[in-house]
Structure formats: structure tokens, C-alpha cells
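# Structure assessment
Spelled out, the chains give:
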Amino acid sequence: MKRVLVWAIALLIPMALYTAGLAHGRPDPAYSRSIVQNAWLNPSTIYHPDEFAYVGIPYRMLLQDEWNPHYYHNPSLNLYTNLGVFWLTGAETLPHRIKYGDREIAPFQLYVMARALSALYMLLTIPLTYAAGRLAFGRRAGSLAAALVALSPLTVEHAHYATPNAQTTLLATAALLVGLIILKGKFPARLPDWTVYLIGGLLVGLTMAARYNAVVVGLVVGWRCSR
């Protein structure tokens, strides 16, 4: 119980860093009345050039009952996870116009929602980093690695944008942790060894499904598993 309390307190600081200002870029009615009234999103109000793809495209898919995103600059895992969250929250009932393009179709609330998911992904990465560092080099190394991840400016930045970067970081860290478990032979007592290998392969696949260049994590985990 004490350990859980310590972790809860330790995560408060990165949680505050990750969630502060998630609504940045909200259209101001004083300067863009027509945009706000019509639920439009002028591209200049979204500071990351790729956010529209990971919010607008899954929202369009939801409204049109379409499973093919027709977007392949990155793999589709983040599109489908956002689509699932939009569906669960009933986002199709928000004001929208089906004829709008992908850059304008999603109401701003969905950008904030998708950014909150990125913040959650980054927050979950911290304890996984601690576990990986501790398993590899001891408790002090795990604590230092977790602190570096928690307070890194790049981590905070990725937590504020609705892009696949935070999700990829989480999945890659989880895959590396499983690789270390196999390398160190620290298999859970209640699970057959083959299930750990299966989970590792699944995590590698999911990481690559988030970003193409994350394929390198498969090489690292595979090398550790073969040692």
C-alpha cells in the first residue's frame, strides 16, 4: 500500500505537466465567431501539422461507418484507438457537418480528448520505464530512468499532441521490458514461459502498428530474446 501511495504521489508532477494546457489552440469566439458557431477548425488553430489526421480521419470514419482510413503516412493503430474512444463516448452526436474535409470535420473537443489519451500513454510509460531500468541495472537506475522520462521536455511535448508518438513510446517501452524479462529469465511464476514470448511478439507488432520506424524495437527485443 505504501509503495502504491509513493507512486501515486510521484506521478502527480508528470501528470500535471502532461495535462496542463491540453486545450491549446481552441478557437476564440472573439476572433473567429463563424468558425466557433459552425464547429469548424481553421488549420491555423491546431499547432501540430499532423493532429488533424489522427482526429479528423477517425471521426470521419465513425460518421461514415468506414473502416479504411485511406491514410498511410503512418500505420493505423492510433487512428483505430482514437476511433474506438470516439465511438465509446458517443462523439457522433456532437455538432458536425458530414461534408467537411478531414481538417475541419472534427469538433475541437475531440482534439482535447485525443491529446488526453497521449498524456495517458506517456504517464503509463513512466512505471514501465522504471521496471525496465530496475530489471536491467537495479532500483537506482530504474528510478533515474523513470525520472528522465517523466520530466523530459520531449516527453511533455508529445503528451500534448494527438499524434502516434506517445502511444509508440508506451508500446516500445513495454516491448523492451518483456525483452528484458526474457533475457534475465525473470518469468512470472504463474504464467507459462511461452506466454511471455507471445506477449513480447504482440507488443512488438503493436509498436510497429503505431509507427513505421518503430520496427527497430523488434530487432532489439528479438536480439535480447535470442541471448
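Now for a look at the structure at hand. (Residues numbered from 1 in each chain as written. Predicted model: local features only at pLDDT ≥ 70, side-chain atom pairs only at ≥ 80, totals over all residues. Heavy atoms only, no water.)

This paragraph deals with the pattern of salt bridges. Summed over all chains, the structure comprises two salt bridges. In this structure, Arg-115 and Glu-51 form a salt bridge, with 2.8 Å as the shortest nitrogen-oxygen distance. Linking Arg-115 in helix α5 (residues 108-137) with Glu-51 in helix α3 (residues 51-64), this pair joins segments that are 64 residues apart in sequence. Across the pair, Glu-51 and Arg-115 agree in class, each one buried. Arg-60 is the salt-bridge partner of Asp-102, the closest N and O atoms lying 3.2 Å from each other. Placement of the pair is Asp-102 in the loop between α4 (77-88) and α5 and Arg-60 in helix α3, with a sequence separation of 42 residues. (Salt bridge = Lys/Arg side-chain N within 4 Å of Asp/Glu carboxyl O. Helix = DSSP H or I, 4+ residues; strand = E, 2+ residues; numbered from the N terminus. Buried < 20%, exposed > 50% of the residue type's maximum accessible area, 1.4 Å probe, protein only.)

Within the chain, Asp-65 stands out as a residue other than glycine whose phi angle is a positive 55°. Tracing the sequence through the fold places Asp-65 in the loop between α3 and α4. According to the relative accessible area criterion, Asp-65 is exposed, its value standing at 64%.

What follows is about α3. Counting along an α-helix, one turn takes 3.6 residues, and residues three or four places apart therefore face a common direction. Helix length check: α3, at 14 residues, gives a terminal C-alpha distance of 20 Å against a target of 20 Å (1.5 Å per residue), a fit within 8%. The element α3 is extensively covered by neighbouring structure, given that 12 of its 14 residues are classed as buried. What α3 keeps buried is the set Glu-51, Phe-52, Ala-53, Tyr-54, Val-55, Gly-56, Ile-57, Pro-58, Tyr-59, Arg-60, Met-61 and Leu-62. Turning to α3, the residues buried within the fold contact α4 and α5. Asp-65 occupies a position one or two residues after α3 and carries a positive phi of about 55°. (Expected span 1.5 Å × (residues − 1). Contact = heavy atoms within 4.5 Å.)

For the rest of this paragraph, the subject is the packing of aromatic side chains. Summed over the entire model, instances satisfying the criterion amount to five aromatic pairs. Between Tyr-54 and Tyr-71, the ring centres sit 5.9 Å apart and the planes meet at 90°, which makes this aromatic pair edge-to-face. With a gap of 17 residues between them, Tyr-54 in helix α3 and Tyr-71 in the loop between α3 and α4 connect regions that are remote in the sequence. Exposure class is identical for Tyr-54 and Tyr-71. Each is buried. Ring geometry for Phe-108 and Tyr-111: centres 6.2 Å apart, planes at 20°, overall stacked. Note that Phe-108 and Tyr-111 are positioned in helix α5 at a spacing of three residues, about one turn of the helix. Phe-108 gets classed as buried once you look at its relative accessible area, which sits at 6%. On the basis of relative accessible area, Tyr-111 is assigned to the buried category, the value being 0%. One Lys or Arg, Arg-103, reaches over the ring of Phe-52 and ends 3.8 Å from the middle of that ring. (Phe/Tyr/Trp six-rings, centres within 6.5 Å; stacked < 30°, edge-to-face > 60°. Lys NZ or Arg CZ within 6 Å of the ring centre and 35° of its normal.)

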